Every structure is written in structure tokens, then in C-alpha cells.
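Chain by chain, the residues run as shown.
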Amino acid sequence: MRNIKELAFDKITVAPSLLAADFGELNTEIKRVTDAGADLLHLDVMDGHFVPNLTMGPPLVKSIRKASDLIFDAHLMITDPLKYAPAFIESGADHITFHVELDYDPAEVIKTIKRCGATAGICVKPKTPAETVFPYLDDVEMVLVMTVEPGFGGQSFMADMMPKITLLREEIRRRRLKVHIEVDGGIDGITVETVARAGGNMMVAGTGVFRHPESAAKGIAELHAATKFL
Ligand code: DX5
Ligand code: ZN
């Protein structure tokens, strides 16, 4: 299975963010979260321009692709997704999320992603209203709502983003669409309840999984348990 469309909408799914892993031991770290029950793997791609940090490029994705069967969920925090999305898909990304705040026509980016054979997601930063992605809801498989300013792991969860998630969930329901709402930033066994109640079903967690004080399995299980709040 390599497609987020096949992941449940009525259960919490967990996407550990590789950003919180030990980059010197990537394959071991990926195996650790796979064995712990991860549903997909979140790859935070940063270009030092759209956000003030640098992370990984297509060659790294290609290397880890060989070691994992997980769905690769690439979150592109880059200024030029139209130019680079094809290279990430070619290297093994199954899903590409890009930001709505860019100077591009989102419809064109979505078309390019689909043409290359991946599913598409559209992301809103904390200050971007939910309505900005409404025109594209029929054409994406996921909306990603940021609950921190993008750029770094380990930041505090912004609970005031919950009305935005609820607004999106209502609109997706009203149109009877199958679109995942992924939520990213500061999610752990405690904050997950409010996200699930608001209508988020796919949880990104870096610190909450890779650096869970007990184990990655415990971190993931705590997030899965929030299915009861959906
Ligand atoms: C932030 C990234 C997140 C981040 C989440 O720009 O998009 O995916 O790694 O990390 P935690 O779970 O530690 O907040
Ligand atoms: Zn992310």
C-alpha cells in the first residue's frame, strides 16, 4: 500500500516527522518507528528561503526509500514546489504537500504533482485562513494545518488553530469529500485530544514519537488512542 487515499478517515493515523530523528542513523530510526506502528512517514523539506532552516533533498529521499515500505509524506516548505516536486516524487515520495502562501497558482502545482503520480496536499501556515484552500478541496487528498510556525521541530502547540480545523472539516463534510486533515506541530499524547475533537485525523509528530520518554511505540499508541475523540 503506497497511497494515502487508502488510509482510514475514521481513525487517527500517525505520521512521525523524520526531522526529530537522529540523522546519523536514519535507516535504523525509520525501522524503529515502522515497528512502533507508524502509518506513514512525514518528511519535512526546507529550503532556507521559505523557512529559515535547511533539511533534506531528493537524494536523501532516494536513499531512505530503499529501506522503507512506509508511505512517504513530503511536506515541502520551499519557495519553488513546481520546480522540485517532480524530483521528490521521482526519488520516492508518494505524497507531496505544498504551501498555499506561495506566488504560484495552486491548481498548477496540484496538476504537476498528480501528473508525476503522487497524491497532493495543500498547507496553511498559522496566519493563513482556512478559506484560502477552499477552491482546491475537490482536487487534493489532504489539507495540512500548521499548529506551529513552520521551520523547526519541538515548538509549542497553538490551540487557537482548532477553529480553522473545524471549519475545514465542516466544508469537507458538506461537499462529501474524502480529504484527510493532517495537523503538524507540537502534537503529543496530550494535545492530540483537542486536534481530534476539532476534526483532524492525521497527526504529524516529531518530538512526540522519536523523542518520547518511554518509546516510539508508546508515543504512537497515545496518538492512535485519540480515535475515540474523532
Ligand atoms: C515544522 C515541521 C514539523 C515538525 C514537527 O516546520 O513541519 O513537521 O517537524 O515537529 P514536532 O512534532 O516536534 O512539533
Ligand atoms: Zn511538517
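Above this text you will find the structure in question.
Here is what the cut-offs are and how they apply
- Residues numbered from 1 in each chain as written.
- Chains lettered and ligands numbered in written order.
- Predicted model: local features only at pLDDT ≥ 70, side-chain atom pairs only at ≥ 80, totals over all residues.
- Heavy atoms only, no water.
- Helix = DSSP H or I, 4+ residues; strand = E, 2+ residues; numbered from the N terminus.
- Rg over C-alpha atoms; globule rule 2.2 N^0.38 Å.
- Buried < 20%, exposed > 50% of the residue type's maximum accessible area, 1.4 Å probe, protein only.
- Contact = heavy atoms within 4.5 Å.
- Areas by Shrake-Rupley, 256 points an atom, 1.4 Å probe, with all protein chains shown as cover.
- Lys, Arg positive; Asp, Glu negative; His and termini not counted.
- Charge placed at Lys NZ, Arg CZ, Asp CG, Glu CD.
- Pairing = 2+ DSSP bridges.
- Right-handed = clockwise from strand over helix to strand, strands pointing away.
- Core = buried A, V, L, I, M, F, W, Y, C linked by side-chain atoms within 4.5 Å.
- Axes fitted to C-alpha atoms, helices over the stretch in contact; angles between N-to-C directions.
- Near = heavy atom within 4 Å.
- Polar contact = N/O pair within 3.5 Å; in protein donor to acceptor, adjacent residues only side chain to side chain.
- Donors = N, O, S within 2.8 Å, 3.2 Å for Na, K, Ca; no water.
- Tetrahedral: all angles 85-135°; square planar, octahedral: opposite > 155°, others 65-115°.

Moving on: the overall build of the protein chain. In terms of helices and strands, the protein chain carries eight helices and eight strands. Over its C-alpha atoms the protein chain spans a radius of gyration of 16 Å, differing by no more than 12% from the 17 Å that the globule rule assigns to 230 residues. In terms of principal-axis extent, the alpha carbons of the protein chain reach across some 40 × 40 × 35 Å. A total of 230 residues make up the protein chain; the buried ones form 54% of that total. By sequence separation, contacts in the protein chain at least 24 residues apart represent 68% of the contacts at least 6 residues apart. Total accessible area on the protein chain is roughly 9900 Å²; 52% of this is exposed by carbon and sulfur atoms. For the protein chain, the distance from the average position of its 25 positive side-chain charges to the average position of its 32 negative side-chain charges is 4 Å.

This paragraph deals with the pairing of strand β8 (residues 202-205). Of the two faces of β8, the one holding Met202 and Val204 and the one holding Met203 and Ala205 are both buried throughout. Inspection of the sheet shows strand β1 (residues 13-16) paired to β8 by four bridges, in the parallel sense. Counted as the bridge partner of Ala15 is Val204 from β8. Once you follow strand β7 (residues 180-184) into helix α6 (residues 192-198) and on to β8, the crossover reads as right-handed.

Time to look at unusual backbone geometry. Backbone geometry at Arg176 places phi at a positive 55°, although glycine is not the residue there. Inspection of the secondary structure puts Arg176 in the loop between α5 (162-174) and β7.

In this section: the pairing of strand β2 (residues 40-46). Summarising burial for β2: seven of the seven residues are buried, a large majority. Alternating positions in β2 separate into two faces, Leu40, His42, Asp44 and Met46 on one and Leu41, Leu43 and Val45 on the other, with burial throughout. Traced from β2 through helix α2 (residues 58-65) to strand β3 (residues 71-77), the parallel crossover comes out right-handed.

Attention now moves to the nonpolar core. Counting residues in each nonpolar core, the largest one holds 65 residues, and the members touching the most others are Leu18, Ile96, Ile113, Val143 and Leu168. Ignoring any residue separated from it by four or fewer positions in sequence, one finds Ile96 in contact with Ala74, Leu76, Ala85, Phe88, Ile89, Ile113, Ala118, Thr119, Ala120 and Gly121. Grouped together as the second largest cluster of nonpolar side chains are 12 residues, Ile4, Ala15, Ile71 and Val204 included.

Looking now at the sheet that holds β8. Reading across from one edge, β1-β8-β7-β6-β5-β4-β3-β2 is the order of the eight strands in this open sheet, with parallel pairing throughout. A single partner strand is all that each edge strand has here, and the edge strands are β1 and β2. Averaged over all neighbouring strand pairs, the angle between strand axes comes to 25°, with direction disregarded. In the packing of helix α8 (residues 216-224) onto the sheet, the strands contacted are β1 and β8, and the crossing angle to β1 comes to about 145°.

As a matter of local geometry, ligand 1 sits amid 20 residues, with Asp44, Gly151, Asp184, Gly206 and Thr207 nearest to it. Taking Ser17, its side chain carries an N or O atom lying 3.0 Å from an oxygen atom of ligand 1. A distance of 3.3 Å separates an oxygen atom of ligand 1 from a polar side-chain atom of His75. Starting from 380 Å² of accessible surface for ligand 1 in isolation, the protein chains cover 99%. Mapped onto the shell around ligand 1, the elements with two or more residues apiece are β2, β3 and β8. Per-element accounting of the shell around ligand 1 gives the leading share, three residues, to β2.

Moving on to the coordination of the zinc ion (ligand 2). Coordination of the zinc ion (ligand 2) by the protein involves His42 (NE2), Asp44 (OD), His75 (ND1) and Asp184 (OD), with metal-donor separations of 2.0 to 2.3 Å. Of note is the zinc ion (ligand 2), whose six donor atoms meet at the metal with angles of 68 to 167° in an arrangement that counts as octahedral. For Asp184, a relative accessible area of 8% corresponds to the buried category.

Quick look at the environment of Cys116 now. Note that Cys116 resides in the loop between α4 (106-115) and β5 (119-124). Given a relative accessible area of 34%, Cys116 falls into the partly exposed group. Residues within four places of Cys116 in sequence aside, it is in contact with Pro86 and Ile89.

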